[in-house]
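Understanding the architecture of this molecule
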Amino acid sequence: MQANETGGYIGKRLLRREDEALLRGRGSYVDDLAEPQNLLHLAFVMSPHAHALIKSIDTSAARSLPGVFAVYTGEDLAPLMKPIHTEILFPGYQAADRNALAYGKVRFVGEQVAVVLAEDRYIAQDAIDLIEVEYEVLPAAVDMEEARKPGAPLVHDHIERNIIFEGKFETPEFEREFAAGEHRIRERFRTGRVAGVPMEPRGCLALPEHSDAIVFHTSTQIQHLVREGLAHHLGRSEASIRVVVPDVGGGFGTKAQLYPEEVVAAALCFKLRRPIKWVQDRREELLTNIHARDHLYDLEVSFSSDGVIRGMQLELLTNAGAYSTYPFGCTLETTGGSRMILGPYRIRNYMYRSFSIATHTNPAGVYRGVAQPSCMMAMEGMLDRIGRYLGIDPAEVRRRNVVQASDMPWTTAVGVRFDTGSYQQCLDKALEAIGYDEFRRAQPRDRLVDGKYRGVGICNMTEFTGMGAPAWRSRGLKRMSGIDSAALRVEATGKVTVSISHAAAGQGHLTTFAQIVADYLGANIEDVRIIEGDTAVSPYGTNTFASRSAVTGGGAVIRASTKVADKIRRIAAHVLEASPQDIVVRDGYAHVAGVTDLRLSFREVAEIAYAMCDVSLPEGEDFGLEASEYYDPPVVTVANAAHVVAVTVDARDGRVTIDRHVVVHDCGRVINPMIVDGQIHGGAAQGIGEALMEEMVYDENGQLLNASLLDYLLPTAMDIPNFEISHIETPTIDGLGGFKGVGEGGLIGALPAVVNAVADALSGIGVNVNRVPMRPAYLRSLIRSAAAEGGAR
Amino acid sequence: MDDQRKLSLQVNGKRYERMAEPRMLLADFLRHKLGLKGTHIGCAHGVCGACTVQIDGRAARSCLHFAIDVQDCEITTVEGLAGDDALHPIQQAFHECHALQCGFCTPGFLMTIEEFLRDNPEPSEAQIRTALANNICRCTGYANIVQAVADAARRLREQPAAAADAGGCHAGQ
């Protein structure tokens with residue numbers, strides 16, 4: 001890890017290697033893969049009821065349709081697969097197993113009850129419509145507060161009051177310290193159920209290989225976890241399943257799950273020894289891909305007259321949906337929301353109780369940010385309320401509570417270590433960039449101009465990234481390793497192949513990992529090729545979600561690069577008759593320090609390593625020029641950022657316009673600023689969508705009312721502003737390379753900042769904004785009720 | 001369901017004849033009969049714009065047309081945008097402005113933008129954003145796409161000098 005050898009690729013705005021094929025329409029997403037002649041298309045029959053007994057399934061008409069190969073019900077396939085079971089070693093957790101194809105009972109609208117295999121996708125779809133399922137409809141539990149009341153319909157008979165997980169925590173002096181605060185505020189914050197909605201729906205293509213194996217192409221972020229899940233649930237060896245990830249059209253956590261369709265497709269491929277293809281349509285995507293963020297925070301703070309928080313207590317409810325999803329169960333939002341809410345603030349006395357509640361709705365999973373956007377919305381909303389209560393500017397309230405440089409390293413009340421960060425600096429820089437003080441000075445005058453309320457909102461946030469093995473152990477996720485890996489080989493020609501245990505869905509790994517390799521190996525970047533997303537070529541890993549790759553894969557790549565660079569140094573030293581310490585490896589050459597023309601190229605070194613020339617290897621040195629390394633990063637690598645947003649709210653129709661959106665971000669050492677900014681842009685846009693428009697709406701019977709993109713609104717170019725982004729770089733000192741993750745921060749910061757800006761704009765008329773999405777109808781009703789009250793006074 | 005007809009379509013300047021059902025969507029015909037898989041299906045109900053192609057030079061959702069209905073039209077897909085060598089100026093601007101991440105929505109955006117810039121060679125940012133509202137991108141937050149369109153407009157105005165352009169995303173910087 002000799003920094004003096006780095007070739008300066010890290011930190012450069014290098015254009016992406018991925019782009020050209022994608023721009024020419026030559027990407028290869030799962031639906032684009034070549035289809036074998038004897039392919040069978042798989043399609044699913046979905047339940048139209050949230051809770052019902054399956055009385056009978058008549059498949060005869062579908063079976064007799066020309067072109068249909070087979071129809072199977074849940075009962076038919078049950079012998080081929082174990083129910084999907086998510087083991088979590090956490091007190092208070094109860095698994096809610098799911099049959100990949102339901103039988104007996106359905107528990108949410110969209111749950112799959114039968115499948116068709118046909119020669120052609122159109123025919124498969126025709127056959128789906130011919131399958132008659134008779135149901136006996138049962139009462140459903142949809143709203144999570146209702147669902148945990150005694151007497152509510154149970155989603156699973158063994159889970160009392162539908163509490164699938166319950167967590168609790170309290171710091172030792174909590175009660176005394178909480179009681180000591182002079183003031184208290186209690187607020188209820190609610191976030192709407194949303195989803196990742198990647199532009200590419202999910203799909204898979206299972207191909208038989210040899211007599212007993214399959215190659216499983218699937219649109220996923222977690223190839224190793226999918227392989228392990230398939231092997232376990234199908235009773236096969238992992239060696240008989242190769243998972244390959246094609247180009248993936250967006251993931252956002254949505255594709256970081258093992259889904260029942262994957263289990264069914266793989267099972268049928270093993271059973272029939274024929275290629276099986278399934279690609280979902282958008283309705284299936286919205287109905288059955290994991291949802292997230294149906295959260296309720298009852299938060300209470302106790303604080304002094306100077307605005308300093310003395311203690312905080314939380315009751316958190318998250319909606320788990322009907323089953324625990326694999327591999328995260330439905331605990332991650334619940335534990336995350338209650339543990340990450342502390343953000344960058346000095347809250348030493350803290351108590352929470354958190355609940356994950358099963359309901360007759362689509363299962364919840366991990367969507368970008370997991371619970372951080374919602375918990376930071378509650379935390380940051382509370383800081384604003386303290387300010388309004390005491391008449392202290394909200395920025396000042398944050399300054400009085402934020403973790404200072406002198407507090408570092410900081411350990412939160414729940415025991416998470418922050419090694420480095422820039423909490424106050426990012427905040428101050430963002431406030432200055434937006435002209436916060438002038439905005440506040442002008443605000444009494446400008447608050448309502450031309451029928452528009454103006455406000456500014458702050459979110460000063462932390463982002464938990466690159467979680468390692470101890471973090472997953474502490475959260476009880478048994479099947480989650482936490483480590484990642486890299487296998488690096490300098491080929492006989494001197495070119496470099498690096499296989500990493502990740503799988504990108506647009507993050508540009510082929511470019512950024514080449515930058516890291518080029519620097520730490522001392523290679524010419526043009527000679528470095530990155531391969532990912534294939535269990536046959538990379539060692540084991542935990543793959544790509546929760547802002548992991550730069551941290552975990554970065555560390556593994558640094559280790560492998562360093563190890564091979566050391567060998568290059570030893571071989572070169574042997575040939576050049578120097579000491580290995582005196583050899584500098586850079587830009588594809590190994591030369592003697594200070595004598596750049598006394599050098600060997602990678603090719604020359606490789607020819608020695610592969611016994612292709614007369615020069616022999618140094619004594620005791622083995623053949624080859626490669627290393628395979630794992631990296632287990634620190635428990636958590638904490639990134640941070642400040643978002644400050646200025647909005648106008650139309651007094652007439654309640655529409656919100658984002659006038660400015662400033663971000664000052666700190667993800668430690670930046671690998672490629674262009675890609676980092678792109679991550680922030682995309683995340684922030686999703687945060688704005690979640691703040692202003694996105695919501696999956698279930699009615700009281702558990703029908704999803706907006707399962708189309710006409711009705712589930714995604715932000716367009718008309719809704720999203722130009723972001724003003726700058727960076728502070730405080731490299732992590734606990735992990736290799738100095739990198740902190742950046743995948744989720746944009747979303748985590750944007751949502752609370754937009755909420756606070758709208759709340760600020762409307763604070764003059766005495767309304768309380770405490771939920772998202774803040775659609776025009778919601779804000780308009782708040783504005784009208786305030787006007788009516790004002791009129792009555 | 002054996003209602004196959006011989007369909008004849010003109011795509012990217014070349015005429016193709018294939019057997020297909022009358023109900024086959026243009027998007028599926030392009031993808032599965034012609035192997036032109038750059039046209040992606042994101043929603044199949046006309047909202048997301050990923051499947052946008054051009055029909056007689058006008059951007060259109062290929063998931064909302066039947067292949068049988070456009071036999072007399074000239075269809076252009078993303079594969080028809082550039083030759084084998086240089087990227088089209090809009091593609092080059094996308095590359096240099098980092099206007100794509102996962103790339104799934106990108107072909108649809110390119111086809112929308114190509115028509116837009118033909119009609120609006122010097123667009124304002126507001127015009128660009130209005131035009132882009134035809135298509136949904138979930139990765140980029142649009143900012144870099146807006147820049148890429150402005151940058152592409154400049155490149156196209158400066159053609160044929162565009163070929164000699166040293167590059168760099170200049171719009172808005």
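Residues numbered from 1 in each chain as written. Chains lettered and ligands numbered in written order. Predicted model: local features only at pLDDT ≥ 70, side-chain atom pairs only at ≥ 80, totals over all residues. Heavy atoms only, no water.

Frequently, the measure chosen for interface size is the accessible area removed from exposure when the parts meet. All names here are of chain B. Domains assigned within chain B are domain 1 (5–80) and domain 2 (89–164). Here the C-alpha centre of domain 2 lies 22 Å away from the C-alpha centre of domain 1. Every contact between the two is made by 18 residues of domain 1 and, on the other side, 16 residues of domain 2. Where domain 1 abuts domain 2, roughly 1300 Å² becomes buried across the two surfaces, and 51% of that area is made up of carbon and sulfur atoms. On inspection of domain 1 and its partner domain 2, the count reaches two salt bridges. Linking Arg-58 and Glu-115 is a salt bridge whose minimum nitrogen-to-oxygen distance equals 2.6 Å. Applying the counting rule to domain 1 against domain 2 returns 11 residue pairs in polar contact (both at pLDDT 80 or more). Where the side of domain 1 that touches domain 2 is concerned, the elements lending two or more residues are strand 3 (52–55) and strand 4 (58–61). In terms of residue class, the side of domain 1 that touches domain 2 is built from seven nonpolar, nine polar and two charged. (Domains from an automatic or database assignment. Contact = heavy atoms within 4.5 Å. Buried area = accessible area lost by both parts, 1.4 Å probe. Salt bridge = Lys/Arg side-chain N within 4 Å of Asp/Glu carboxyl O. Polar contact = N/O pair within 3.5 Å; in protein donor to acceptor, adjacent residues only side chain to side chain. Helix = DSSP H or I, 4+ residues; strand = E, 2+ residues; numbered from the N terminus. Nonpolar A, V, L, I, M, F, W, Y, C, P; charged D, E, K, R; others polar.)

With that settled, consider the packing of aromatic side chains. All names here are of chain A. Under the criterion given, the structure shown has 15 aromatic pairs over all chains. With a centroid separation of 6.4 Å and 70 degrees between ring planes, the pair formed by Phe-108 and Tyr-323 is classed as edge-to-face. With Phe-108 in the loop between strand 4 (105–106) and strand 5 (112–118) and Tyr-323 in the loop between strand 16 (309–321) and helix 10 (332–340), this pair connects stretches of sequence that are 215 residues apart. Taking relative accessible area as the criterion, Phe-108 reaches 0% and is therefore assigned buried. By way of ring pairs, the aromatic residues Phe-169, Tyr-350 and Tyr-352 are connected into one cluster. Positioned above the aromatic ring of Phe-69 is the side chain of Arg-274, whose terminal nitrogen or guanidinium carbon lies 4.9 Å from the ring centre. Positioned over the ring face of Tyr-589 is Arg-599, at 3.7 Å from the centre of the ring. (Phe/Tyr/Trp six-rings, centres within 6.5 Å; stacked < 30°, edge-to-face > 60°. Buried < 20%, exposed > 50% of the residue type's maximum accessible area, 1.4 Å probe, protein only. Lys NZ or Arg CZ within 6 Å of the ring centre and 35° of its normal.)

Turning next to the layout of surface pockets. As a volume, the largest pocket reaches approximately 1200 Å³. Lining the largest pocket we find 45 residues, and of these Asp-120, Arg-121 and Tyr-122 of chain A together with Asp-28 and His-32 of chain B sit closest to its centre. At the level of elements, strand 1 (40–46), helix 4 (121–130) and strand 13 (276–279) of chain A together with helix 1 (26–33) of chain B are the ones that each hand at least two residues to the lining of the largest pocket. At five residues, helix 4 of chain A tops the list of elements feeding residues into the lining of the largest pocket. Tallied by class, the residues present in the lining of the largest pocket amount to 19 nonpolar, eight polar and 18 charged. The computed volume of the second largest pocket comes to approximately 740 Å³. Taken together, 32 residues line the second largest pocket, and the ones lying closest to its centre are Glu-18, Asp-247, Leu-510, Ile-530 and Glu-532 of chain A. Put simply, the parts of the chain that give the lining of the second largest pocket at least two residues each are helix 1 (19–23) and strand 24 (528–532) of chain A. The element that contributes the greatest number of residues to the lining of the second largest pocket is strand 24 of chain A, accounting for five residues. Each residue belonging to the lining of the second largest pocket can be placed in one class, and the counts come to 16 nonpolar, seven polar and nine charged. (1 Å grid on protein atoms, 1.4 Å probe; cavity = no way out; pocket = protein on both sides within 12 Å on 5 of 7 lines; lining within 4 Å. Points joined across faces, edges and corners; volume = space filled by probe spheres on them.)

A word on the interface of chain A and chain B. In this assembly, 54 residues from chain A lie in contact with 53 residues from chain B. Together, the buried faces of chain A and chain B total about 4400 Å²; carbon and sulfur atoms form 56% of this surface. For the pair chain A and chain B, the interface holds five salt bridges. Glu-694 of chain A is the partner of Arg-138 of chain B in a salt bridge, and the nearest nitrogen-oxygen pair spans 2.8 Å.

Looking now at the packing of helix 7 (residues 223–234) of chain A against helix 8 (residues 260–272) of chain A. Pairs of packed helices are described in terms of their axes, by the angle between the two and the distance that separates them. All names here are of chain A. The geometry of helix 7 relative to helix 8 is characterised by a closest axis approach of 10 Å and an angle of 60 degrees between their N-to-C directions. Taken together, the axes of helix 7 and helix 8 are oblique relative to one another. As for how helix 7 packs across helix 8, the hand of that crossing is right-handed. Along the contact surface, helix 7 presents Val-226, Leu-230 and Leu-234, while helix 8 presents Glu-262, Val-263, Ala-266, Ala-267 and Phe-270. A breakdown of the residues in the contact of helix 7 with helix 8 according to their chemical character gives seven nonpolar, no polar and one charged. (Axes fitted to C-alpha atoms, helices over the stretch in contact; angles between N-to-C directions. Parallel < 35°, antiparallel > 145°, perpendicular 65-115°, else oblique. Left-handed = near helix turned anticlockwise from the far one by under 90°.)

Right, let's get into the pairing of strand 5 of chain A. Residue and element names in this part refer to chain A. Among the seven residues of strand 5, seven are classified as buried, and the element is accordingly described as predominantly covered. Here strand 1 pairs with strand 5 via six bridges, running antiparallel. When the sheet's bridge partners are listed, Val-45 is paired in strand 5 with Ala-114. The pairing of strand 3 (residues 68–73) with strand 5 spans five bridges and is antiparallel. Paired with Ala-70 across the two strands is Leu-117, which belongs to strand 5. (Pairing = 2+ DSSP bridges.)

A few words now on helix 8 of chain A. Residue and element names in this part refer to chain A. Across its 13 residues, helix 8 extends 18 Å between first and last C-alpha, which sits within 8% of the 18 Å expected from 1.5 Å per residue. In terms of burial, helix 8 is largely enclosed, as 11 of its 13 residues are buried. Every buried residue of helix 8 is accounted for by Pro-260, Glu-261, Glu-262, Val-263, Val-264, Ala-265, Ala-266, Ala-267, Leu-268, Cys-269 and Phe-270. Downstream of helix 8 by one or two residues, Arg-273 has phi in the positive range, about 55 degrees. (Expected span 1.5 Å × (residues − 1).)

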